[in-house]
Structure formats: structure tokens, C-alpha cells
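Per-entry structural report
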Amino acid sequence: MPMSKKNLPVYVGISVEELQALSAVSGEAVRLYIAISTFAMGPKTTCFPKWTQIKEVMGKPNADTRNLQKLAVKLEEAGVIT
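What comes next concerns the included structure. (Residues numbered from 1 in each chain as written. Predicted model: local features only at pLDDT ≥ 70, side-chain atom pairs only at ≥ 80, totals over all residues. Heavy atoms only, no water.)

The contact between helix H2 (residues 27-37) and helix H4 (residues 65-77) brings their axes to 9 Å, and the two run at 85 degrees. What the angle tells us is that H2 and H4 run roughly perpendicular. From H2, Glu 28, Ala 29, Leu 32 and Tyr 33 reach across to H4, where they touch Leu 68, Leu 71, Ala 72 and Leu 75. For the contact of H2 with H4, the per-class residue count stands at 7 nonpolar, no polar and 1 charged. (Axes fitted to C-alpha atoms, helices over the stretch in contact; angles between N-to-C directions. Helix = DSSP H or I, 4+ residues; strand = E, 2+ residues; numbered from the N terminus. Parallel < 35°, antiparallel > 145°, perpendicular 65-115°, else oblique. Contact = heavy atoms within 4.5 Å. Nonpolar A, V, L, I, M, F, W, Y, C, P; charged D, E, K, R; others polar.)

Shown next, in the form of C-alpha cells:
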């Protein structure tokens, strides 16, 4: 089910530490991180979105989930997600 634009957050804050850790990954991995971050806004630091939701937020509903999973591993290795 496509997400309504009115339900999307206006911005995502990234700390200096996060930004520095993200320098070790590709631009597409950073986009994935930002998409995941939209589900854990404010004081909420954990989230469990479905891959379909993440792809929708990224604007790539037909993206290859396996590729995104590989990027998620890179984000784990960089220490920005668990």
C-alpha cells in the first residue's frame, strides 16, 4: 500500500557521529539509512519497517530487496544500525 505524502516526516536529523560513520558507505546505503530513520523519529530509536515500506519511502517501490539487504549489512558494519 503506497504511503501518503501527508504521512511522511518533513526531515530526519542526523548527528555528527552518524554522518561520520556514514562516510564509510555508498550514497545508496545513506539513502537506505535515511529511509529507515523516518520510522524512528524523535525519541524513538528502534523500528521494524517492512522492506516494502522502506522501498516506498525511498521512492523505489520496485527496488531489489536483496540489494537493499546487502546495503543494510554495510550499515551494520559501519555501526549505524543493528
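A pair can form between side chains of opposite charge whenever their charged atoms are brought close. Across all of its chains, the model carries 4 salt bridges by this definition. The closest approach of N and O atoms between Glu 28 and Lys 60, which form a salt bridge, is 2.9 Å. In this pair, Glu 28 sits in helix H2 while Lys 60 sits in the loop between helix H3 (51-58) and H4, placing the two residues 32 residues apart along the sequence. Counted as one network, the salt bridges with shared partners bring together Glu 28, Arg 31 and Lys 60. (Salt bridge = Lys/Arg side-chain N within 4 Å of Asp/Glu carboxyl O.)

This part covers a nonpolar patch on the surface. There is a patch of nonpolar side chains on the surface, built from Ile 14, Leu 19 and Ile 34 and spanning about 240 Å² of accessible area. By the element assignment, Leu 19 lies in helix H1 (residues 16-22). (Patch = residues over 30% accessible without salt bridge, like charges linked within 9 Å, V, L, I, M, F, W, Y side chains within 5 Å. Areas by Shrake-Rupley, 256 points an atom, 1.4 Å probe, with all protein chains shown as cover.)

In this fold, Thr 38 is placed in the loop between H2 and H3. What makes Thr 38 buried here is its relative accessible area of 18%. Among the polar contacts made by the side chain of Thr 38, one reaches the main-chain carbonyl oxygen of Ala 35 at a distance of 2.6 Å. (Buried < 20%, exposed > 50% of the residue type's maximum accessible area, 1.4 Å probe, protein only. Polar contact = N/O pair within 3.5 Å; in protein donor to acceptor, adjacent residues only side chain to side chain.)

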